[in-house]
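Listed below are the residues making up each chain.
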Amino acid sequence: VSIPRGGDKLCAILQAAMSGNGGVATLIVDDVLTTGRSMEEARAKLIVEGTDQATIVGFVVFARGPLPSWVRAIFVEGS
């Protein structure tokens, strides 16, 4: 699952990479995380729709703010 526009291209690349993984996780992907609100909203929606929250993984390229424990970033501001 991608956050529209910024995360769409990255999501497509990650989905292709996961295709051999058996689909163990549900990815929420975005390019930049600032407050984390969009990621949390996307996660909450998936949980309401029945996705097991333990299988949801967030992924961003760049984090400007604190990362929720379930989100990973390639680059983190100040690191």
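What comes next concerns the included structure. Just so we're clear, the structure is a prediction, and the values are computed from it rather than from any experiment.

### Topic: the overall build of the chain
- Scanning the chain from N- to C-terminus turns up two helices and three strands.
- Reading the chain from its N end, one meets helices and strands in the order α-β-α-β-β.
- Each of the 79 residues in the chain was classed as buried or not, and the buried ones make up 29%.
- When contacts within the chain are restricted to residue pairs at least 6 apart in sequence, those whose partners lie at least 24 apart make up 50%.
- By element, 56% of the accessible surface of the chain is carried by carbon and sulfur atoms, the whole surface being about 5000 Å².

### Quick notes on the sheet that holds strand β2 (residues 56-63)
- Read across the sheet, three strands follow the order β1-β2-β3 without closing on themselves; strand pairing throughout is parallel. Of all the strands in the sheet, the pair left with one neighbour each is β1 (26-33) and β3 (71-76). Geometrically, the sheet is characterised by an average inter-axis angle of 15° between neighbouring strands, direction not taken into account.
- For β1 and β2, the ladder comprises seven bridges, and the chain directions are parallel. Along β2, the bridge assignment pairs V29 with F59.
- Along the sheet face, helix α2 (residues 37-48) touches β1, β2 and β3 and points at about 165° away from the line of β1.

Reading guide: rules and limits
- Within each chain, residues carry numbers counting from 1 in the order of the written sequence.
- Owing to the predicted nature of the model, reporting of local features is limited to residues with pLDDT of at least 70; listing and counting of side-chain atom pairs is limited to 80 or more, with chain, interface and lining totals taken over all residues.
- Working from all heavy atoms in the structure, the side-chain values ignore hydrogens and water.
- To qualify as a helix, a DSSP run of H or I must reach at least 4 residues; to qualify as a strand, a run of E must reach at least 2; elements of each kind are numbered from the N terminus.
- The buried label goes to any residue with under 20% of its type's maximum accessible area, the exposed label to any with over 50%, and the partly exposed label to all in between, with areas taken from a 1.4 Å probe on protein chains only.
- Residue contacts are defined here by distance: any two heavy atoms, one from each residue, within 4.5 Å place the two residues in contact.
- A 1.4 Å probe and the Shrake-Rupley method give the accessible areas. Residues count as covered only by the protein chains that appear here.
- For two strands to pair, DSSP has to find at least two bridges joining them.
- Here an angle of 0 to 180 degrees is reported between the N-to-C directions of two axes, which are lines fitted to C-alpha atoms, with helices fitted over the stretch in contact.

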